[in-house]
Structures are given as C-alpha cells and as structure tokens.
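Structural description and commentary
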Amino acid sequence: MTMDRYVITGKQSLEGSVRVSGAKNSSLPLLAATLLADGTSVLMDIPDLLDITHMVEVLATLGCRVQRDEEALVVDASTLNGAEVDETLMRKMRASNLILGPILARTGRVRIARPGGCAIGSRPMDQHIKGLMELGVKVKERHGYIEAWYDRLQGGDIYFDVPSVGATENIMMAAVLADGYTVIHNAAREPEIVDLQNLLNKMGAKIRGGGTDVIRIEGVRKLTAAEHRVIPDRIEAGTHMVAAVMTEGDVRVDNVIPEHLEGVIAKLRQAGAEITLEDDAVRVRQRGRIKPVDLKTMAYPGFPTDMQPQFMAMLAMAGGTSVITETIFENRYQHVDELRRMGANITVDGRTAVVRGVETLEGAFVEATDLRAGAALFLAALAAEEATVLEQVGHIDRGYENLEEKYRGLGARLRRVLPNSSELARIDT
Ligand code: UD1
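Going along each chain's sequence as written, the residues are numbered from 1 onward. The predicted nature of this model means local features are confined to residues of pLDDT at least 70 and side-chain atom pairs, given and counted, to a pLDDT of 80 or more, with totals for whole chains, interfaces and linings taken over all residues. Side-chain measures here rest on the full set of heavy atoms in the structure, leaving out hydrogens and waters.

**Observations regarding unusual backbone geometry**
A negative phi holds for most residues other than glycine; trans holds for most peptide bonds. Just so we agree on the cut-off: Helix and strand labels come from DSSP, where a helix needs a run of H or I of at least four residues and a strand needs a run of E of at least two; each type is numbered from the N terminus. The rule is simple: take the accessible area with a 1.4 Å probe, protein chains only, and divide by the maximum for that residue type; under 20% is buried, over 50% is exposed, in between is partly exposed.
Each neighbour pair has its own omega, and for Tyr300 with Pro301 the value is 5°, a cis peptide bond. Within the secondary structure layout, Pro301 lies in the loop between strand 18 (295-296) and helix 10 (308-315). With phi around 50°, His143 is a residue other than glycine that occupies positive phi space. With respect to the helices, strands and loops of the structure, His143 is situated in the loop between strand 8 (138-142) and strand 9 (145-149). Judged by its relative accessible area of 73%, His143 falls in the exposed class.

Right, dumping it as structure tokens:
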C-alpha cells in the first residue's frame, strides 16, 4: 500500500461541482458476477480504485481475461480455469469472498483463504456459509482455507440472522444456477443488491425482490454475458455532501441517485444544511454553525455505517453535543483518537460515542487507519485551521477515485506528497 500523504490546508470554502464515480461496493459484486457467464461481459463506470485492481487480480488468477478500455471494464470469463484463491490475494481485500458463490455455481467447487478480520471488526462469514449449505453445498474449513463443493446445487429456503450485504450477494450468485427455487429471507436491501439483481437478470437469471427483505430466485441452466452500467457511489456522494457542510461551502454533487441517500440527506438537513434535490444531482449549501444531531447506524435504508466516521468529523464542529451509536461493526471508532489530535472532544463507551462540538478543529499530523476513517480525517483537515498532514492515504485510495483532482476542482488546497519528501519539512502546523 502506498505510503503517500496528503498535506491539506484547511478553511477553504468548497464551491463548484463534482462528479461521483461508479459505486465501489456495486462494482465488486458485479465483477464477481461476470464469472457466471461463459463469455465477455462489459461493465461501465467501474471506478479506477485499489479495491477494483485487487478484484481484477482475483479474476485474472482464476483465468479470466480482463481489460480496461476508455469507458468500460471488459471481462472474458470463457477462459476460466481455476477455483482457488490464496491468502496473499485474499488478505488484500475482504470482498474477494464474493467469488465464493459464482465460482461454485460455475465450476462446482471452490477453495479460498478465509479472509481475516480487518481494522473495523471481526467480520464473520457464518451467514455466507449457512446460506450455501442450504443450497446443498458442503463446506469444510481447514488450514485457514474454506473449501466448498456439491454434488447437486439445489434451491433452498434461507433465513439470515443478520441482513448481510455480502452474504445476500453470494447466495444470489450461487442460487441463479441452482436447480429449483431459492428464497432469501431477511435479505440485505442495499441499492448495490438491486444493481446486482439487474445485471444478473440481464444475463438471463430470474430474480425478484431485490431491494426488499425477501428475494426470490428461480434457478436457470445457464447465464450469458451482458453489458451494464454501475450505479453511482452513494458513500462517495455522501462524503462530498459532508465536505460542503463542513467548509460552509456550496457544492453541486453530480451523478447521484438521491433516493439512495435519504438517511444521509435527512441528517444533514437536521444539522442545518440546505439541500436541493435534482433528478441526478444534489446541491448542498451551509451557512453558519452546524447543529448537533444524534444518529445510529443501521442496515439500509437506515443510516449507513460507511458514513459514520465522516459524520463524526462534522459533528465534532457542531454547536452542541451529538450522540452516535454504531450498531454494525464493533470497532469502528478508530478515527476518534485521530480526530482528538485535531482538537475534537469525543468520548467513547462501547458502541456509543458522545461528540461535544468544538469551535474549530486544528491541523495536526494524523493517520488513516481504514478507508472511511481516512475519509473522516480528510474532511476534518479541509475544515481545520492551518495545515494537516494525513498519512497512510493508501487506505483512502481503496475507495475514492481521483480524490485530489476532485477536491482541487472545488477549491481545496491540498497536495499529495511522498513520504520523506523535503516538502514536509516546510510545513508548519
Ligand atoms: C458491505 C460493504 C461495507 C459496509 C457493510 C455494511 C461491500 C464490498 N462492503 O460489507 O462497505 O460497511 O456492507 O454496510 O459491499 N455478519 C455476520 N455474519 C456474516 C456476515 C456478516 O454476522 O456471515 C455481520 C457483520 O459482522 C456486520 C453485519 O453483518 O455486523 C453487516 O456486514 P455485511 O453486510 O456482511 O458487510 P459486508 O458485506 O462485508
């Protein structure tokens, strides 16, 4: 991972417009879904991100030919010749576990290194495995690997204990080629699930109910390759919206599906932001002090856990006290210590954080510990007095395309520097 740093000079009010890239969290399952067809799929608007590069590496290891042309990522899965992914690749990105379902359905067996935990929590796989077993899959875990195979892949009735996004996607991608019907109860309802359903149905699958908590799948014998444009990234959009508020700016965020951001928009309005919705854009303006708001992360359509760190950065500057409750991941407060270095007043007790707003944040040396924690610190730096040096920006590269360019375009003062660069010596924070 790159050791680059951002040097950000805060207190520039952001103005202008910024275009949101295709959704990372949709692109990953869509890329996995291309494994299901014996042909060449074309996916448009896939962002150029580190996580995507890792998924492409996984597909290549399995024998697929992947090419990026101007607008599209082209995946030829007709040359698929593998069913194994080792730990070097698995450790780079947890979401590579999304190949479990499609590889099984296409080849009848799969062997992948068990993904480790990550900075934000332990991240179990029990729901993925339980769901697959319900479809007649046999699963064995040994030496840190998950091995799965079946004699016959058959439809089943699955009830998730928690509405896991990844497990819902994995089961959808296995059940499309199973014999008979599958029903997934307590399915995750995220927009990325609907995007996956849309691609799979274009490929010839018969899926209904994506976006609700019951998904019904009628297995088909074969899928054919298709063309699809990925939905816009709602977390990237939300991050830009918070940036506008924190810098008392006026920003138009383009390529947005406002319905995907209802929770975020509601909370920003409560915080005092003026938000105007258009068909595929939102305009965010902020004047004066941010108001405190309480929030609790929940599965979609609740408030997204992937926006919790950014909101904490914002509420750290509010004119009052906010209470944040994180219910999805047990260890998603790693940005707290770093925000404190910037002058924030935050206390954490278990899954609850009490954020007492301060007048101003101050620039400091801080470090990104994971993707969204990094985003939160990036935002805090934009709003802080004087300069911030944000280290380990490789974490941010996993999820934000052309961040530097996009924020320069909005009037932010930032640059990316290599570690040990002499430029750092000139920074007086
Ligand atoms: C996806 C997103 C991630 C987001 C998360 C929650 C992708 C690539 N990543 O991750 O950015 O933060 O949704 O919105 O789409 N769980 C279990 N057993 C399982 C699986 C999950 O108990 O087998 C639990 C998890 O510990 C967590 C909750 O379910 O508490 C939600 O996790 P899940 O929806 O599976 O997250 P991911 O799909 O990994």
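**So, helix 5 (residues 126-134)**
Using the following cut-off: Should any heavy atoms of two residues lie within 4.5 Å, those residues are counted as being in contact.
For helix 5, the full list of buried residues reads Gln127, His128, Ile129, Gly131 and Leu132. For helix 5, the elements touching its buried residues are helix 4 (100-107), strand 8, strand 9, strand 10 (157-159) and helix 6 (165-175). Two residues or fewer after helix 5 comes Gly136, characterised by a positive phi angle close to 90°.

**Regarding the pairing of strand 20 (residues 345-349)**
Put simply, the rule reads: In this analysis, strands are considered paired if DSSP registers two or more bridges between them.
One ladder, built from five bridges, connects strand 20 with strand 21 (residues 352-356); its direction is antiparallel. Bridged to Val348 within strand 21 is Ala353. Between strand 20 and the antiparallel strand that follows it, strand 21, lie two residues; Gly350 among them carries a positive phi value of about 65°.

**Section: the site of the ligand**
Quick note on the threshold: The nearness test applies per residue and asks whether one of its heavy atoms lies within 4 Å of the molecule or strand. We define a polar contact as two N or O atoms separated by no more than 3.5 Å, with the added condition that, inside protein, one atom must be a possible hydrogen donor and the other a possible acceptor, whereas residues neighbouring each other in sequence contribute only through side-chain atom pairs. The Shrake-Rupley method, run with a 1.4 Å probe, gives the accessible areas here. Residue values count only the displayed protein chains as cover. Residue polarity follows a fixed list, in which Ala, Val, Leu, Ile, Met, Phe, Trp, Tyr, Cys and Pro are nonpolar, Asp, Glu, Lys and Arg are charged, and the others, Gly among them, are polar.
Near the ligand there are 19 residues, and of these Gln127, Ser164, Val165, Asp306 and Ile328 occur at the shortest range. Contacts to the ligand include Pro124, whose backbone N or O atom sits 3.3 Å from an oxygen atom. Val165 places a main-chain nitrogen or oxygen 2.7 Å from an oxygen atom of the ligand. Considered on its own, the ligand offers 730 Å² of accessible surface; in the complex 82% of this is hidden by protein. When residues of the shell around the ligand are assigned to their parent elements, the largest contribution, three residues, is made by helix 5. When grouped by side-chain class, the residues that make up the shell around the ligand number eight nonpolar, six polar and five charged.

**Overview of a negative patch on the surface**
Rule in force here: Each patch is assembled from residues with relative accessible area greater than 30% and no salt bridge, linking like charges that lie within 9 Å and nonpolar side chains (Val, Leu, Ile, Met, Phe, Trp, Tyr) that lie within 5 Å. One side-chain nitrogen of Lys or Arg within 4 Å of one carboxyl oxygen of Asp or Glu is enough to make a salt bridge. Positive charges come from Lys and Arg alone, negative charges from Asp and Glu alone, with His and the N- and C-terminal ends not counted. One atom stands in for each charge, and that atom is NZ of Lys, CZ of Arg, CG of Asp or CD of Glu.
Taken together, the side chains of Glu259, Glu262, Asp279 and Asp280 present a region of like negative charge at the surface. Along the polypeptide, Glu262 turns up in helix 9 (residues 262-270). Residue classification places Glu262 among the exposed residues on the basis of a relative accessible area of 55%.

**Points about the environment of Glu385**
By the secondary structure assignment, Glu385 is in the loop between helix 12 (371-383) and strand 23 (387-391). Take Glu385: its relative accessible area is 34%, and that puts it in the partly exposed class. Those residues within four positions of Glu385 in sequence are excluded, and the remaining contacts are Lys11, Thr360, Leu361, Glu362 and Gly363.

**Observations regarding the environment of Arg372**
With respect to the helices and strands, Arg372 occurs in helix 12. Residue classification places Arg372 among the buried residues on the basis of a relative accessible area of 3%. Each C-alpha atom, one on Arg372 and one on Tyr400, is 9.8 Å from the other, the two residues being 28 residues apart in sequence.

**Looking at the packing of aromatic side chains**
What counts here: Aromatic contacts are taken between Phe, Tyr and Trp rings whose centres are within 6.5 Å, Trp giving its six-membered ring; a plane angle under 30 degrees counts as stacked, one over 60 as edge-to-face, and the others as tilted. A ring is scored as having a charge over it whenever the NZ atom of a lysine or the CZ atom of an arginine sits within 6 Å of its centre and within 35 degrees of its normal.
Throughout the structure, instances matching the rule amount to three aromatic pairs. Residues Phe303 and Phe311 carry aromatic rings whose centres are separated by 4.8 Å and whose planes lie at 80° to one another, so their mutual orientation is edge-to-face. Residue classification places Phe303 among the buried residues on the basis of a relative accessible area of 6%. For Phe311, a relative accessible area of 0% translates into the label buried. Ring geometry for Phe378 against Tyr407: centres 5.0 Å apart, planes inclined by 85°, an arrangement best described as edge-to-face. Of this pair, Phe378 sits in helix 12 while Tyr407 sits in helix 14 (residues 403-409), and the two are 29 residues apart along the sequence. An identical accessibility class is assigned to Phe378 and Tyr407; each is buried. Three or more aromatic residues joined by ring pairs make a cluster, and in this case those are Tyr6, Phe378 and Tyr407. Over the face of the ring belonging to Tyr145 we find Arg111, whose NZ or CZ atom lies 4.0 Å from the ring centre. One cation-aromatic arrangement involves Arg416 over Tyr6; the distance from NZ or CZ to the ring centre is 5.5 Å.

**Points about the sheet that holds strand 10**
This is how it is decided: To define axes, lines are fitted to C-alpha atoms, for helices over the stretch in contact only, and angles between the resulting N-to-C directions are given on a 0 to 180 degree scale.
Spatially, 10-11-13-12 is the arrangement adopted by the four strands of the open sheet, whose pairing is mixed. The open sheet has two free edges, formed respectively by strand 10 and strand 12 (206-208), since each of these has just one partner strand. Along the sheet, successive strands turn relative to each other by an average axial angle of 15°, direction set aside. In terms of strand pairing, strand 12 meets strand 13 (residues 214-218) through three bridges, oriented antiparallel. Residue pairing for strand 13: Ile207 is matched across the bridge by Ile217.

**Examining the sheet that holds strand 19 (residues 321-325)**
Strand order in this open sheet of four strands is 18-19-21-20, and the pairing throughout is mixed. With one partner strand each, in any of the chains shown, strand 18 and strand 20 form the two edges of the open sheet.

**Describing the pattern of salt bridges**
Counting across every chain of the model gives 29 salt bridges. Asp38 is paired through a salt bridge with Arg106; the nearest N and O atoms lie 3.8 Å apart. Placement of Asp38 in the loop between helix 1 (24-33) and strand 3 (40-44) and of Arg106 in helix 4 is noted, with a sequence separation of 68 residues between them. With relative accessibility at 52%, the residue Asp38 sits in the exposed group. Judged by its relative accessible area of 26%, Arg106 falls in the partly exposed class. Glu147 is paired through a salt bridge with Arg111; the nearest N and O atoms lie 3.6 Å apart. Here Arg111 lies in strand 7 (residues 109-113) and Glu147 lies in strand 9, a separation of 36 residues in the sequence. Among the ionic contacts, a cluster of salt bridges with common partners joins Arg19, Asp45, Glu71 and Arg229.

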